[in-house]
Amino acid sequence: ALVARGDDVLVLDDLSSGRRERVPEPARLEVVDIREAGPVAGAFAAANAEVCFHLAAQADVRVSVERPEFDAEVNVIGTVNVLQAAHWHGTRVVLASTGGAIYGECDGPAPETAPRRPVAPYGASKLSAEEYLATFTRLYGSAHVALRYANVYGPRQDPHGEAGVVAIFAAICSLRPLSFAISIASMGCRRSRRPELRARSRVRQGNKRGHALGMSIYSLHRRHIETRMQRVAQERTVGVTDNPTMT
């Protein structure tokens, strides 16, 4: 969108998960790790940008549990490096925070004012990044802003990532009729026998099961979706036609 409206765009990415070919012309790419303050500051100095859309993050919850120090280096130290460089060059920062991890376990949809009780280092590091952004705003009178996105979906999204649940469902639908995807998502209206798949959403009495799609998506973990995708592919190969269930 920035390129389309004629903005001069510089992309900083360490390419640990990104790809060069996904940077559209005439945007420029610099391979930079946000954990390294010097290169980050140098890029800001060269760009002299008005706005920085800070999207870089360690976004895998499981990795954050296994390697909390790495998660903090990227999400906390990396954010501090971005904020410091932005301060030196008068750049406004728009931080892409997390839509749900900072709230922890919820009995229903969480409003922005809900208590923040992360249960994984990822949620804690994103919450810390928000607090640093707010602190820099108060300290220097900046105009930074944090956006708590839910599961973002768009063109070129990789379906093999934890945050790509919509893309994962789209991939499932490409292997099997849409009714199969709805049968997975609609389990938010009934209690699963497997606790790890249990949807936390409360659905008003009388709602149809399909209405639980949006709320139950957040309760599905990547490994269960990928396992189901593999099973669908195998069933398609051997010609199985029965509809699997999630209960």
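Worth saying up front: this structure is predicted, and the values here are computed from it rather than measured.

Scoring rules and cut-offs
- Numbering of residues starts from 1 in every chain and runs along the sequence as written.
- In keeping with the predicted nature of the model, local features appear solely for residues at pLDDT of at least 70, side-chain atom pairs appear and are counted solely at 80 or more, and the whole-chain, interface and lining totals rest on all residues.
- Excluding hydrogens and water, the side-chain values take into account all heavy atoms of the structure.
- Two strands pair under a simple rule: DSSP has to find at least two bridges between them.
- Runs of E in the DSSP output that reach at least two residues are strands. Runs of H or I that reach at least four are helices, and both are numbered from the N terminus.
- Interaxial angle, 0 to 180 degrees, is taken between N-to-C directions of lines fitted to C-alpha atoms, where a helix line uses only the stretch in contact.
- In this analysis, two residues are considered to be in contact whenever any of their non-hydrogen atoms come within 4.5 Å of each other.
- Relative accessible area decides the class of each residue, using a 1.4 Å probe on protein chains only: under 20% of the type maximum gives buried, over 50% gives exposed, and in between gives partly exposed.
- Residues enter patches when their relative accessible area tops 30% and they take part in no salt bridge; the joining distance is 9 Å for like charges and 5 Å for the nonpolar side chains Val, Leu, Ile, Met, Phe, Trp and Tyr.
- Residue burial considers only the protein chains on display, and all accessible areas are found by Shrake-Rupley using a 1.4 Å probe.
- When a carboxyl oxygen of Asp or Glu lies within 4 Å of a side-chain nitrogen of Lys or Arg, that pair is called a salt bridge.

*Asks:* Lay out the sheet that holds strand S3 (residues 51-54) with the relevant residues and their values.
*Replies:* Strands sit in the order S3-S4-S5 across an open sheet of three strands; the sheet is parallel. For this open sheet the edge positions go to S3 and strand S5 (145-147), each flanked by a neighbour on one side alone. Shown here is a sheet whose adjacent strand axes are inclined to one another by a mean of 15°, direction ignored. Pairing geometry for S3 and strand S4 (residues 92-96), over four bridges, is parallel. Bridge pairing links Val-51 to Arg-92 in S4. Sitting on the sheet, helix H4 (residues 121-140) is in contact with S4 and S5, with an inclination near 160° to S4.

*Asks:* Give a description of the side chain of Thr-98 that names residues and reports values.
*Replies:* One can find Thr-98 in the loop between S4 and H4. Overall, the relative accessible area of 7% leaves Thr-98 in the buried class.

*Asks:* So what about a nonpolar patch on the surface? Which residues, and what values?
*Replies:* Taken together, the side chains of Val-51, Phe-53, Leu-55, Leu-147, Tyr-149 and Val-152 present a nonpolar region at the surface, about 530 Å² in accessible area. Structurally, Tyr-149 can be placed in the loop between S5 and helix H5 (165-175). Residue classification places Tyr-149 among the partly exposed positions, given a relative accessible area of 36%.

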